[in-house]
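# A closer look at the structure
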Amino acid sequence: MPGTCIHEDAIRDVTPSARGCEECLKTGSVWVHLRLCRTCGHVGCCDSSPNRHATKHFHATGHPVIEGYDPPEGWCYVDEVWLDLSDRATPQLGPIPRYV
Ligand SMILES: [Zn+2]
Ligand SMILES: [Zn+2]
Ligand SMILES: [Zn+2]
């Protein structure tokens, strides 16, 4: 069992809020990878991106579990463990625009 996350309740079936990082799309910024909040569907960018919007979303909302788009692995910010979401990955809206 890969790590232990106690936030199963925070993993919901969500609809991605956008096809790229919401905030970066607004400001015309770039990202490296996308992270989907499995509590509310917010799409943000990863910590390798200049703006780290997914982490900012966690700090702003406390939503602990995010899903990477490629591959669909999960990460819990609170427990700091990887989660296997391959059997419950979120359907993507379509081709993800890549900027980097
Ligand atoms: Zn957790
Ligand atoms: Zn961003
Ligand atoms: Zn959220």
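The preceding data block contains the structure.
For the structure given in this document, a descriptive report is provided here. (Residues numbered from 1 in each chain as written. Chains lettered and ligands numbered in written order. Predicted model: local features only at pLDDT ≥ 70, side-chain atom pairs only at ≥ 80, totals over all residues. Heavy atoms only, no water.)

### Observations concerning the coordination of the zinc ion (ligand 1)
Bound to the zinc ion (ligand 1) on the protein side are C5 (SG), H7 (ND1), C76 (SG) and D79 (OD), at distances that span 1.9 to 2.3 Å. Seen from the zinc ion (ligand 1), its four donor atoms lie at angles of 97 to 118°, and the figure they make is tetrahedral. Considered as a linear motif, the donors of the zinc ion (ligand 1) on their single chain read C-x1-H-x68-C-x2-D. Placement of C5 in the segment before helix 1 (22-27) and of D79 in the loop between strand 4 (73-76) and strand 5 (81-84) is noted, with a sequence separation of 74 residues between them. (Donors = N, O, S within 2.8 Å, 3.2 Å for Na, K, Ca; no water. Tetrahedral: all angles 85-135°; square planar, octahedral: opposite > 155°, others 65-115°. Helix = DSSP H or I, 4+ residues; strand = E, 2+ residues; numbered from the N terminus.)

### Comments concerning the coordination of the zinc ion (ligand 2)
Donor atoms from the polypeptide that coordinate the zinc ion (ligand 2) comprise C21 (SG), C24 (SG), C45 (SG) and H53 (ND1), at 2.0 to 2.3 Å from the metal. Bound by four donor atoms, the zinc ion (ligand 2) shows angles of 103 to 117° at the metal and therefore tetrahedral coordination geometry. Counting gaps between the donor residues of the zinc ion (ligand 2) yields the pattern C-x2-C-x20-C-x7-H. For the residue pair C45 and H53, the accessibility class agrees, reading buried in each case. (Buried < 20%, exposed > 50% of the residue type's maximum accessible area, 1.4 Å probe, protein only.)

### As for the environment of F58
Its place among the elements puts F58 in helix 2 (residues 53-61). Taking the relative accessible area as the measure of exposure, F58 reaches 16% and is therefore buried. Spatially, the C-alpha atoms of F58 and C76 are 9.9 Å apart, while their sequence positions differ by 18 residues. Not counting residues up to four positions away in its chain, the partners in contact with F58 are H63, P64, Y77 and V78. (Contact = heavy atoms within 4.5 Å.)

### Some details on the pairing of strand 3 (residues 65-68)
Side chains V65 and E67 project from strand 3 onto one buried face, and the interleaved I66 and G68 project onto a second face that is buried too. The pairing of strand 1 (residues 34-37) with strand 3 spans three bridges and is antiparallel. What sits directly across from L36, in strand 3, is E67. (Pairing = 2+ DSSP bridges.)

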